[in-house]
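If you want the building blocks of each chain, they are given just below.
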Amino acid sequence: MKNENKFATKCIHAGIEPDASSGAIMTPIFQTSTYVQNAPGDHKGFEYARTHNPTRRTLETQLAALESGADAVCFSSGLAAMDAVLKLLKSGDEVIATNDLYGGSYRLITKIFDKFGIKSKFVSFNEIKTLEDNITSNTKLIWVETPTNPMLNIVDIKAVCELAKKHNIMTCVDNTFASPYLQRPIELGADLVLHSATKYLGGHSDVVHGCVITATQELSDQLHFVQNAAGAVPGPQDCFLVLRGLKTLHLRVQRACENAEKIAKYLKSNPMIDKVYWPGFEDNPYHEIAKKQMSGFGGMVSFDVKGGSLEDAHAILNNTKLFALAESLGGVESLIGHPSSMTHASIPREERLKVGLTDSLIRLSVGIEDADDLIKDLETAIKAVKKA
Ligand SMILES: *Cc1c(COP(=O)(O)O)cnc(C)c1O
């Protein structure tokens, strides 16, 4: 009933009911491992906390509503969520994934699941034809990440899902960078949506958490089976923190988008800066797809210093005061990162350069501070390059 509301109302109300035993308006943290039964098998639907937890269940219900899914399943991290999705496959099956995947996702597929006979291919999804050419009768999962990290490339979700459906292949979209406020892949045909809730959903850099939202109840049943059988469940405190974060998701992401736009435009106007990667620019190659499938351009901006030396990048990275030098993204505070030495250091340099990921590329996760202060902070840091 409440799920028919608009997004902002869903953030506050979807799936949330006052606690039946006390009337508490906020979902309690059910910090318990087991539940008392009246008689063997006679219980209130909760037997053991790996299998069921009311705090977790409330969060799953809300996540399903926000992503327009049938249901959701929560895990102890984004990668634990991905691990569960990959466990729906069997030896001999094949995954095709976008070629500029989150490093941890690439590692999970190639270093863990490969050992169990799950094959993988990493290709550009820019041309649907290229993707189709890579499909075989063993292809069982297409893994999409959009926007990508750190180049902010955008994949046409609808086109990929249509192709996948034609070949009877399951699709999973990693929606971590966009959040359901900006992009809802199930509405575009995806079977599964994955989040590292550590990022925008939690939103306060205080929790590691993951989830999968499913288009059908059947997929949710399969994933709940893995959740219970393999056991990578989140604790109730962590579920509470994500529930709390979700209440302001729409406000936080909206402000992050506004700030990112101002910062991207400032960087583009600065003669010390070469390329600025932000899909909101009309001359960005992904602008039209972004406009079609997203309701905003996101809070991430990447840029390259003119001349492109490592020293110049370091000068900026070492001289911001508000932007904190750290991995991760999607929190209320702005972060600055150096992909080639931090998040993407495990990728060989030649591979990095092929996709434009130079030694001087800098990535910003724009927070919800005042945009003028953030721009001033960047301006001061960029002046440090001139002195060098
Ligand atoms: C962080 C991240 C993950 C992994 O999530 P964890 O919560 O760190 O396990 C997966 N995909 C993307 C796009 C991410 O940014």
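Conventions and cut-offs
Residues numbered from 1 in each chain as written. Predicted model: local features only at pLDDT ≥ 70, side-chain atom pairs only at ≥ 80, totals over all residues. Heavy atoms only, no water. Domains from an automatic or database assignment. Contact = heavy atoms within 4.5 Å. Buried area = accessible area lost by both parts, 1.4 Å probe. Salt bridge = Lys/Arg side-chain N within 4 Å of Asp/Glu carboxyl O. Near = heavy atom within 4 Å. Polar contact = N/O pair within 3.5 Å; in protein donor to acceptor, adjacent residues only side chain to side chain. Areas by Shrake-Rupley, 256 points an atom, 1.4 Å probe, with all protein chains shown as cover. Nonpolar A, V, L, I, M, F, W, Y, C, P; charged D, E, K, R; others polar. Pairing = 2+ DSSP bridges. Helix = DSSP H or I, 4+ residues; strand = E, 2+ residues; numbered from the N terminus. Axes fitted to C-alpha atoms, helices over the stretch in contact; angles between N-to-C directions. Buried < 20%, exposed > 50% of the residue type's maximum accessible area, 1.4 Å probe, protein only. Left-handed = near helix turned anticlockwise from the far one by under 90°.

Caption draft 1: Seen up close, the domain arrangement of the chain. Structurally, the chain comprises domain 1 (7-246) and domain 2 (250-387). Contacts between the two partners involve 34 residues from domain 1, matched on the other side by 33 residues from domain 2. For the pairing of domain 1 and domain 2, the buried interface totals around 3,000 Å² over both sides, and the portion due to carbon and sulfur atoms is 61%. At the boundary of domain 1 with domain 2, the tally comes to one salt bridge. Of the charged contacts, one joins Asp-156 and Lys-292 as a salt bridge, the two residues approaching to 3.1 Å between their closest N and O atoms.

Caption draft 2: Region of interest: the site of the ligand. Of all residues adjacent to the ligand, which total 13 residues, the nearest are Gly-78, Asp-174, Ser-196, Thr-198 and Lys-199. For the ligand, an oxygen atom lies 2.8 Å from a polar atom in the side chain of Ser-196. Side-chain polar atom of Lys-199 to an oxygen atom of the ligand: 2.8 Å apart, as the coordinates give it. Considered on its own, the ligand offers 380 Å² of accessible surface; in the complex 92% of this is hidden by protein. Class assignment for the residues of the shell around the ligand results in four nonpolar, six polar and three charged.

Caption draft 3: Layout of the sheet that holds strand 1 (residues 71-75). What the seven strands build is an open sheet, ordered 1-7-6-5-4-2-3; its pairing is mixed. Since the sheet does not close on itself, it has two edges, and those belong to strand 1 and strand 3 (119-123), each with one partner. Shown here is a sheet whose adjacent strand axes are inclined to one another by a mean of 20 degrees, direction ignored. Pairing of strand 1 with strand 7 (residues 210-214) involves five bridges; the strand directions are antiparallel. Bridge assignment links Cys-74 to a residue of strand 7, and that residue is Cys-211. The sheet contacts of helix 2 (residues 54-66) involve strand 1 and strand 7, and relative to strand 1 the element is tilted by about 130 degrees. Relative to the sheet, helix 7 (residues 217-230) contacts strand 1, strand 5 (170-174), strand 6 (192-196) and strand 7, its axis offset from that of strand 1 by approximately 20 degrees.

Caption draft 4: Local environment of the pattern of salt bridges. Scanning the model with the defined rule gives 18 salt bridges in all. Linking Lys-121 and Glu-94 is a salt bridge whose minimum nitrogen-to-oxygen distance equals 3.7 Å. Taken as a pair, Lys-121 in strand 3 and Glu-94 in strand 2 (residues 94-98) lie far apart in primary sequence, 27 residues in all. Note on Lys-121: relative accessible area 24%, which makes it partly exposed. Residues Arg-255 and Glu-258 are paired through a salt bridge, measuring 3.9 Å at the closest nitrogen-oxygen approach. Linking Arg-255 with Glu-258, this pair stays in helix 9 (residues 249-269), spanning three residues, or about one helical turn. Using a relative accessible area of 39% as the deciding quantity, one classes Arg-255 as partly exposed.

Caption draft 5: Fine view of the side chain of Ser-77. Inspection of the secondary structure puts Ser-77 in the loop between strand 1 and helix 3 (78-86). Classification of Ser-77 as buried rests on a relative accessible area of 18%. Engagement of the side chain of Ser-77 in a polar contact is seen with the backbone nitrogen of Ala-80, the distance being 3.0 Å. When near neighbours in sequence (up to four residues on either side) are disregarded, Ser-77 contacts Val-208, His-209 and Gly-210.

Caption draft 6: Geometry of the sheet that holds strand 12 (residues 361-365). With respect to topology, five strands assemble into an open sheet ordered 8-9-12-11-10, the strand pairing being mixed. Looking at the sheet topology across the chains shown, the edges are occupied by strand 8 (273-277) and strand 10 (324-325). In this structure, strand 10 lies alongside strand 11 (residues 335-337), joined through two bridges in parallel fashion. Note that in strand 11 the partner of Ala-324 across the bridge is Leu-335. Against the sheet, helix 11 (residues 310-317) engages strand 9 (300-305), strand 10, strand 11 and strand 12, with an angle of about 135 degrees to strand 9.

Caption draft 7: Structural detail: the packing of helix 3 against helix 4 (residues 103-112). Between helix 3 and helix 4, the shortest axis-to-axis distance is 10 Å and the interhelical angle comes to 35 degrees. Helix-helix and strand crossings are classified by hand; for helix 3 and helix 4 the assignment is right-handed. Residues Leu-79, Met-82, Asp-83 and Leu-86 of helix 3 form the contact with helix 4, whose participating residues are Gly-104, Ser-105, Arg-107, Leu-108 and Ile-109.

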